[in-house]
Structures are given as C-alpha cells and as structure tokens.
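# Report on the structure
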Amino acid sequence: MLKKELRTKYLDLRNYTSEEDVYNASLTIANNLLSLPIWKHTYYHIFLHSTSKKELNTSLIITLLQGKDKEIVVPRMAKGNTLEHFLLTDNTLLKPNSWDIPEPVDGIQVMPVKLDVIFVPLLAFDLKGHRVGYGKGYYDLFLSQCKPDAVKIGLSIFEAEKNISDLGAQDIPLDYCVSPTTTYTF
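Structural notes, computed from the coordinates.

What counts, and where the lines are drawn
- Residues numbered from 1 in each chain as written.
- Predicted model: local features only at pLDDT ≥ 70, side-chain atom pairs only at ≥ 80, totals over all residues.
- Heavy atoms only, no water.
- Phe/Tyr/Trp six-rings, centres within 6.5 Å; stacked < 30°, edge-to-face > 60°.
- Helix = DSSP H or I, 4+ residues; strand = E, 2+ residues; numbered from the N terminus.
- Buried < 20%, exposed > 50% of the residue type's maximum accessible area, 1.4 Å probe, protein only.
- Pairing = 2+ DSSP bridges.
- Axes fitted to C-alpha atoms, helices over the stretch in contact; angles between N-to-C directions.
- Contact = heavy atoms within 4.5 Å.

In this structure the tally under the stated criterion is six aromatic pairs. Taking the centre distance of 5.4 Å and the plane angle of 55° together, the rings of Tyr-10 and Phe-158 count as tilted. Placement of Tyr-10 in helix H1 (residues 3-15) and of Phe-158 in the loop between strand S9 (151-155) and strand S10 (176-178) is noted, with a sequence separation of 148 residues between them. For the residue pair Tyr-10 and Phe-158, the accessibility class agrees, reading buried in each case. Counting every residue linked through ring pairs, the aromatic cluster contains Phe-125, Tyr-184 and Phe-186.

Strands sit in the order S3-S2-S1-S6-S9-S10-S11 across an open sheet of seven strands; the sheet is mixed. Looking along the sheet, the strands with just one partner apiece sit at the ends: strand S3 (82-87) and strand S11 (183-185). Taken pair by pair, the neighbouring strands of this sheet meet at an average axis angle of 25°, ignoring direction. Looking at chain direction, strand S1 (residues 43-45) and strand S2 (residues 71-78) are connected through three bridges and run parallel. Following the sheet pairing, Tyr-44 is matched in S2 by Ile-72. In the packing of helix H3 (residues 59-67) onto the sheet, contacts are made with S1, S2, strand S6 (117-120) and S9, and the angle to S2 comes to roughly 140°.

Summarising the element assignment, Leu-2 is placed in the segment before H1. Look past the residues within four positions of Leu-2 in its chain and what remains in contact with it is Ser-165 and Asp-166.

Here we take up the side chain of His-41. Assignment of secondary structure puts His-41 in the loop between helix H2 (19-33) and S1. Apart from residues lying up to four places away in sequence, His-41 is in contact with Lys-70, Asp-116, Val-117 and Val-151.

Rendered as structure tokens:
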C-alpha cells in the first residue's frame, strides 16, 4: 500500500480504538521490550505521546527506563522539520505544543550521535521494517543524524502490513518493531 493510504487507514483505526485498549496495548508493549537485547546501553531516546491522538502511552516505557537508571532523551520540534533533543530529568518542564505533544521547554541538549536506542513513533510499518509516520519527515531527518549502529525500535498497537510500496531514499528501516502480540526483528 501507499504511505498516504496507510496513514488514512491507521488514523481511522486509531480513532476507533478505545483509550483503555490503547493503555492495555501500551502496557503489554512496555513489558515486551524487556525481552529485547537493548538494556546494556546508556542513552535512550523516546517520543512523548499525545493522548488526544490516541498514541501509544510512552510514559510506561519512561518509567521502565527510569527503573533501569537509563539516560532518557526526549524531542522538541524545531524549525525546518527538525528535532532538538533534551535529557529528561526531574526538573524538566514539559509543555504541549500545537499538536498536543508534550515537549521540554529547555534543558540539557543531547546530540543525535550520542543516542544508543531510539524508540520511533509510527502509524504503520511493514514486514521489512519500514515505517509510515505522519508525513512531515521529522524522524527521517533525525534518524539520518544518528550513529549507524543506534538501535531503532518502532512501537505499534497494530500489526505489520505486508509491504509499503512507495519508499524513498530518506526512509531508514527499523531494527525492531514491538506490538502487543509480536516482536518483529528486521
């Protein structure tokens, strides 16, 4: 399927998913992450979720990372479809942006090349590890700035599509994608 078709399909599916189902899927995904071979690293980048868009609840994963004493890094949207990245501490002030996504107001900035594990938002993904996001290119550019061996993990409340047919040169595949029922390895 084309990315545009997949965006429409999965935004609709998400709209019809109850908040309770999103939470339960998020909890299962957080627990499923424990079986991945990623816990020896230091810097973990994770997106903050919008509850109004019924996105996967990443606060559960943040709690898991805090329990393992990991350095947690969160993004803030900047000019030119770019992201800035800040260390999440007890003193980090978060404010929702125009898309209702919490972002750090300021803090200790972390460069993408320092990141070891990146949890990647998505609407859909395929069996080869390619993803469909919202279509603005924030994560495509960001992932291209990370070190090549950074572990890229998609998080999805839905299962994989067979194929995304209109991939571009900017599309960087995931290493894993974790759903409530399956951990995909690419």
